[in-house]
2 protein chains.
Amino acid sequence: MSLTDRTKPSDVSLNTDLYELTMAQGFWESGLVNGEACFNAFFRENPFDGGYAVACGMGQIADLVENFVFEDDDIEYLAGIQAPGGGAMFKPGFLEYLRNHHLDLTIHVVPEGDVVFPREPMVRVMGPVIDCQLIETALLNLVNFQTLVATKTSRVVKAAEGHPVSDFGLRRAQGPDGGLAVARASYIAGASSTSNVLAGKIYGIPVFGTHAHSWVMAFPSELDAFRAFAKSSPKNCVLLLDTYDVHQGIKNAITVAKEMEKDGERLAAIRIDSGDLAKLSKETRAAFDAAGLGYVKISVSNDLDEYTIQSLFSQGAPIDSFGVGTKLATCDPQPSLGGVYKLSAVRASSSDPWSPVIKLSEMAYKRTVPGVQHIRRFYDTSGCPVGDMLVDDSVSAGPSNTMLDILDTYASYDLEGEPQELLQCVVEHGHRVGEQESIMVARERCREAIMHLDPAIIRFLNPQIYPVGLELGLARLRHDLANEERAASGRPTID
Amino acid sequence: MSLTDRTKPSDVSLNTDLYELTMAQGFWESGLVNGEACFNAFFRENPFDGGYAVACGMGQIADLVENFVFEDDDIEYLAGIQAPGGGAMFKPGFLEYLRNHHLDLTIHVVPEGDVVFPREPMVRVMGPVIDCQLIETALLNLVNFQTLVATKTSRVVKAAEGHPVSDFGLRRAQGPDGGLAVARASYIAGASSTSNVLAGKIYGIPVFGTHAHSWVMAFPSELDAFRAFAKSSPKNCVLLLDTYDVHQGIKNAITVAKEMEKDGERLAAIRIDSGDLAKLSKETRAAFDAAGLGYVKISVSNDLDEYTIQSLFSQGAPIDSFGVGTKLATCDPQPSLGGVYKLSAVRASSSDPWSPVIKLSEMAYKRTVPGVQHIRRFYDTSGCPVGDMLVDDSVSAGPSNTMLDILDTYASYDLEGEPQELLQCVVEHGHRVGEQESIMVARERCREAIMHLDPAIIRFLNPQIYPVGLELGLARLRHDLANEERAASGRPTID
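Residues numbered from 1 in each chain as written. Chains lettered and ligands numbered in written order. Predicted model: local features only at pLDDT ≥ 70, side-chain atom pairs only at ≥ 80, totals over all residues.

(A) Representation of the overall build of chain A. Per the secondary structure count, chain A includes 16 helices and 20 strands. In terms of its C-alpha atoms, chain A occupies a principal-axis envelope of roughly 80 × 60 × 40 Å. Out of the 495 residues belonging to chain A, those deemed buried represent 56%. In chain A, the share of contacts with a sequence separation of at least 24, taken over all contacts with a separation of at least 6, comes to 73%. (Helix = DSSP H or I, 4+ residues; strand = E, 2+ residues; numbered from the N terminus. Buried ≥ 20, exposed ≤ 12 C-beta atoms within 10 Å, placed from the backbone. Contact = placed C-beta atoms within 7 Å.)

(B) Representation of unusual backbone geometry within the structure. All names here are of chain A. The step from aspartate 332 to proline 333 runs through a cis peptide bond, and the omega angle for that step is 5 degrees. Of note, proline 333 is situated in the loop between helix H13 (326–329) and strand E12 (340–347). Although it is not a glycine, phenylalanine 48 adopts a positive phi angle of roughly 65 degrees. Mapped onto the fold, phenylalanine 48 is located in the loop between strand E1 (36–42) and strand E2 (53–54). Under the C-beta neighbour-count criterion, phenylalanine 48 is labelled buried, with 20 such atoms within 10 Å.

(C) Fine view of the sheet that holds strand E3 (residues 106–109) of chain A. Residues and elements named next belong to chain A. Here we have seven strands laid out as an open sheet, ordered E13-E12-E1-E5-E3-E18-E19, and antiparallel in their pairing. The open sheet has two edge strands with one neighbour each: strand E13 (355–356) and strand E19 (431–432). In the packing of helix H5 (residues 129–159) onto the sheet, contacts are made with E1, strand E5 (123–128) and E12, and the angle to E5 comes to roughly 155 degrees. (Pairing = 2+ DSSP bridges. Axes fitted to C-alpha atoms, helices over the stretch in contact; angles between N-to-C directions.)

(D) A look at the relation of the copies chain A and chain B. Under the fitted operation, chain A is carried onto chain B by 0.0 Å of movement along the axis and a turn of 180 degrees, and the coordinates agree to an RMSD of 0.1 Å. Those values place the two copies in the arrangement expected of a two-fold rotation axis. An overlap of 100% is found between the interface residues of chain A and their copies at the interface of chain B, pointing to a shared contact surface. (Least-squares fit on C-alpha atoms with pLDDT ≥ 70 in both.)

(E) Quick look at the sheet that holds strand E6 (residues 165–167) of chain B. Residues and elements named next belong to chain B. Taking strand neighbours across the sheet as the criterion, the six strands line up as E7-E6-E11-E10-E9-E8 in an open arrangement whose pairing is parallel. Only two strands of the sheet have a single partner each, and these edge strands are strand E7 (193–194) and strand E8 (238–240). Sheet topology places E8 next to strand E9 (residues 269–272); three bridges connect them, and they run parallel. Residue pairing across strands places valine 238 opposite alanine 269, the latter belonging to E9.

(F) Expanded view of the interface of chain A and chain B. Taken residue by residue, the interface counts 104 residues in chain A and 104 residues in chain B. Listed by contribution, the elements that provide at least two residues to the side of chain A that touches chain B are helix H1 (18–29), helix H2 (61–66), H5, helix H6 (175–188), helix H7 (197–203), helix H8 (213–217), helix H9 (222–232) and E12 of chain A. Per-element accounting of the side of chain A that touches chain B gives the leading share, eight residues, to H1(A). Residues belonging to the side of chain A that touches chain B are distributed by class as follows: 44 nonpolar, 43 polar and 17 charged. (Nonpolar A, V, L, I, M, F, W, Y, C, P; charged D, E, K, R; others polar.)

(G) Here's a closer look at the nonpolar core. Counting 299 residues, the largest nonpolar core has Ile61(A), Leu239(A), Ile61(B) and Leu239(B) as its most contacted members. Summarising the domain contributions, this core has at least three residues from each of domain 1 (1–18 + 70–102) and domain 2 (211–296) of chain A. Excluding residues within four positions of it along the chain, Leu239(A) makes contact with Phe226(A), Phe229(A), Ala253(A), Val256(A), Leu267(A) and Ile270(A). (Core = buried A, V, L, I, M, F, W, Y, C linked by C-beta atoms within 7 Å. Domains from an automatic or database assignment.)

(H) Inspection of the pairing of strand E15 (residues 385–391) of chain A at higher detail. Residue and element names in this part refer to chain A. Of all the seven residues making up E15, six are buried; the element is thus mostly covered by neighbouring parts of the structure. In this sheet, E15 lies alongside strand E14 (residues 374–379) in antiparallel orientation, the contact comprising six bridges. Of the residues in E15, the one forming a bridge with arginine 376 is methionine 389. The hairpin formed by E14 and E15 contains five residues between the paired strands, and glycine 383 there has a positive phi angle of roughly 85 degrees. As judged from the three bridges shared by E15 and strand E20 (residues 468–471), these two strands associate in the parallel manner. Bridging from a neighbouring strand, methionine 389 pairs with glycine 469 of E20.

(I) Structural detail: the packing of helix H9 (residues 222–232) of chain B against helix H10 (residues 246–262) of chain B. Residues and elements named next belong to chain B. Contact pair H9 / H10: the axes reach a minimum separation of 9 Å and the direction vectors enclose 35 degrees. Handedness of the crossing formed by H9 with H10: right-handed. Here Glu222, Leu223, Phe226, Arg227 and Ala230 of H9 lie close against H10, whose contacting residues are Gln248, Gly249, Asn252, Ala253, Thr255, Val256 and Met260. Split into classes, the residues belonging to the contact of H9 with H10 amount to six nonpolar, four polar and two charged. (Left-handed = near helix turned anticlockwise from the far one by under 90°.)

(J) Quick peek at the domain arrangement of chain A. Domain annotation for chain A reports domain 1 (1–18 + 70–102) and domain 2 (211–296). Using only C-alpha atoms to locate each centre, domain 1 of chain A and domain 2 of chain A end up separated by 55 Å.

(K) Geometry of H5(A). All names here are of chain A. An ideal rise of 1.5 Å per residue puts 45 Å on 31 residues; H5 measures up with 44 Å between its terminal C-alpha atoms. Its axis deflected by about 45 degrees at glutamate 136, H5 carries its strongest bend there. With 31 of its 31 residues buried, H5 lies for the most part within the structure. Residue glutamate 161 follows H5 closely and has a positive phi angle near 50 degrees. (Expected span 1.5 Å × (residues − 1). Bend = angle between axes of the 7 residues up to and from the residue.)

(L) Here's a closer look at helix H16 (residues 472–488) of chain A. Residue and element names in this part refer to chain A. An ideal rise of 1.5 Å per residue puts 24 Å on 17 residues; H16 measures up with 25 Å between its terminal C-alpha atoms. Among the residues of H16, those classed as buried are Leu472, Leu474, Ala475, Leu477, Arg478, Leu481, Ala482 and Glu485. Two residues or fewer after H16 comes glycine 490, characterised by a positive phi angle close to 75 degrees.

(M) Fine view of the packing of helix H10 (residues 246–262) of chain A against helix H11 (residues 277–290) of chain A. Residues and elements named next belong to chain A. In contact at an axis separation of 11 Å, H10 and H11 are set at 30 degrees when each is read in the N-to-C sense. The angle between H10 and H11 falls in the class roughly parallel. Judged by the twist between their axes, the crossing of H10 over H11 is right-handed. For the pair H10 and H11, contact is made by Val246, Ile250 and Ile254 and by Leu280, Thr284, Ala287 and Phe288, respectively. Here the residues of the contact of H10 with H11 are counted per class, giving six nonpolar, one polar and no charged. (Parallel < 35°, antiparallel > 145°, perpendicular 65-115°, else oblique.)

(N) Representation of the environment of Ile319(A) within the structure. Residue and element names in this part refer to chain A. Following the sequence through the fold, isoleucine 319 ends up in the loop between helix H12 (306–314) and strand E11 (321–324). The spatial distance from the C-alpha of isoleucine 319 to the C-alpha of lysine 282 is 8.5 Å, given a sequence separation of 37 residues. Those residues in contact with isoleucine 319 that lie beyond four places of it in its chain are His163, Ser281, Ile298, Val300 and Leu312.

(O) Highlighting the confidence of the model for chain A. All names here are of chain A. Averaged over all residues, the pLDDT of chain A is 92; the fraction at 70 or higher stands at 94%. Confidence drops under pLDDT 50 across residues 1–10; counting only partners more than four residues distant or on other chains, this segment forms 30 contacts. Contacts of residues 406–411 to residues separated by more than four positions or lying in other chains number 10 contacts, the stretch itself having pLDDT below 50. This complex was scored by the predictor with a pTM of 0.95 and an ipTM of 0.93. (pLDDT = per-residue confidence, 0-100.)

(P) Inspection of the environment of Tyr97(A) at higher detail. Position of Tyr97(A) relative to the elements: it lies in helix H4 (residues 92–98). Placed 69 residues apart in sequence, Tyr97(A) and Trp28(A) show a C-alpha to C-alpha distance of 8.7 Å.

(Q) Quick look at the environment of Asp242(A). Residues and elements named next belong to chain A. Counting through the fold element by element, aspartate 242 comes out in the loop between strand E8 (238–240) and H10. Remark: the alpha-carbon pair of aspartate 242 and alanine 183, spanning 59 residues in sequence, is separated by 26 Å. Ignoring sequence-local partners within four residues, the contact set of aspartate 242 consists of Gly249, Ile272, Asp273, Ser274 and Gly275.

Have a look at this one:
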């Protein structure tokens, strides 16, 4: 999508599904204009058959809320939408209500970079039900994809065993925003750099690049091309070997590396972008070492992901760094987190108490958790998280560590140490709380969180399940509410 | 990604991979500053194991080129980038060259909405080699994803057998741009509407929506919620049945539909978003018909794609319309087209003749096609396309219809009718050619193209391969160039 299609930040308010606006109109004229709601954004299963996810995108929510406004041309567009059955879809009074409407929301989030698990409210939104609906789509659009990319990157970085990983995904992303989201989320989750120059400018992420095959093809010979690149970028020289034939490319690169030495320069690295990377990297390493060029590093790319990188190292490939593009930017093989946004409590106005609500489903695991929830994370004595508990203070059974598994199977965990509150307030009544956090802080938080997570939860194959349960009072509430709704539908209740 | 992160359209010039800029600098100081190039953007395999792709995104290329400019703060950012080996990555003279640099490119495209096949230049870019590199990433970022979404949508629309399909994918897209790209490309490929309000405003696409589960949960009972929605949106009333129990939802919706009739209104439709959609849609249809509400339509959603829709109809599900979200916006199960941008010809300046170039690979199918190519599409007497031929006029063997398969297996086709030239010029020396085309025109082009395509090519399982070959002279050129490069690498040549 061309950046030039959008010229004003206020378009953020129309970056939404139509039904948010029709529902907002409905609430406005149904006597619920002062009604308040509590919504949770969460996912139901860890992506990539993994054991965890990395929360990401939350650092941009305050911007989203503070910049949310319907300007005159937005109102004008909405006024022109016709209902399928005839007439204007939106009433003039409602559109006047929207004009210069600001969101009076209070939002808590799992901080960016921390680990988060299925069912947990990674974002909790409270405030007027209208405002909660108006922000839904944009908020999901923000956190769903970035959480997915951060999780994918965390896995790729794990597989790379400390070797630098650079985001090369821009050309395969969904437009400029997609590319920026990939660069931002992957950097928070441990990537070392990005090829995306705009992300470098906007977020201060280190930028990295080599040259393309076209560079080699544009010169009369590969040797000419390598020499020209070394001359132009002597302090940033990475030569791509596989335009015609990798073995010839190795010879030409060694020639140029020797010439650079005479000029007091050093060839930084070579890159291989096709073929059998395990075999070719070993042959390249051997050739450069034999030529006394042990300092020249080997970088590879070409449809890499955590599994190919793991495989390369298991074959002893002497690779120093990785460029990861397509599978990072598209989160292949799972391009969607499947994050949802569900109502968990309502009240008639801000001065009333909250009433918990529940959504049932044919599938028991899709039944929602009611109430105004927060997350208690328990740690062992060495500071490693051992389990999370969802708590609604208004129904808490007391200061107990007993938790019921979210799937209604009973379980209790012997939890040591003091639990910590995971959710942090980032927006209060529509205004940012505190300073904008640097993505460097989120990146360090992610490094710490992954370092402390049990390796059994991080592993790719059959990871251990991290325990997330409901506090006893909340589990009872969920059980009772489900039975109430079942009874209302004439269905049998459950014990 | 927050829209508010970017405030000026000029950021389009930095929406690129770093190596485009380092290569541009290299060309600038390597005596190739006047060098010209011809690049082709193409994909190597049809997405989704299908038999075709729908070209999309091309309608935004002229905007991209015309708005491409490095402004002062872009130059300032670039000036501050340090090379890994020390010192500034970019030389002051080169940055001055970039300041206010405009792209002198001439670009031909397969028109949006038309069908396109592997190896064909869906975008052909000619002009200064520097400009060709500067636009590469942004151009791929534009056409790769939209072509993928348009192809996916075309398949979903095919499966829906004339029933409306609405894009519901915004919340699972990669930020606002991703959502806009999905809405635009899916509409061109035959979707009837989108839930994305911003896409409605910017592109004039019809917008569509119902209500969410949260609407039902926010009221004391489902019946209250349905009544309130019917009152608020009588001309646009679609009720969602599966918040608690679909069978109870059917009863409540029938009650409200009868009440609406008394007010002279009609319930437009119901929506089911979970469970066994085949079974539930039949039960719903039967219940509404029995209640004399045969006019109420049935809409379904929930992780739909072409295969689930095909399965629903094969089970006789009486479904009237589909909301397709996640799998459209992420193009699951293939989230990347894998489109590339390869150099095919060079010349020292605009007054010199073109020299074709080739890129080899360990994999024969990855060997590029050289030359300044255009595409001749042949039709049978009923106007259906039967084969495409890639032609470089400078090496053409004459007015022959003989073509060689791109995989170097010999084949010839009995082609009837006059061939048509597929590539159209949309940018000449940096300026848009003609008027901006409406997406409605592209949508009609797509409808026509799919209508005329052999059903054997459209089918999902083992589609027929559409013939794309090289004109005899071009096939010889490719063969000879490959041997030249092989010989230069000391490898045996092939016959």
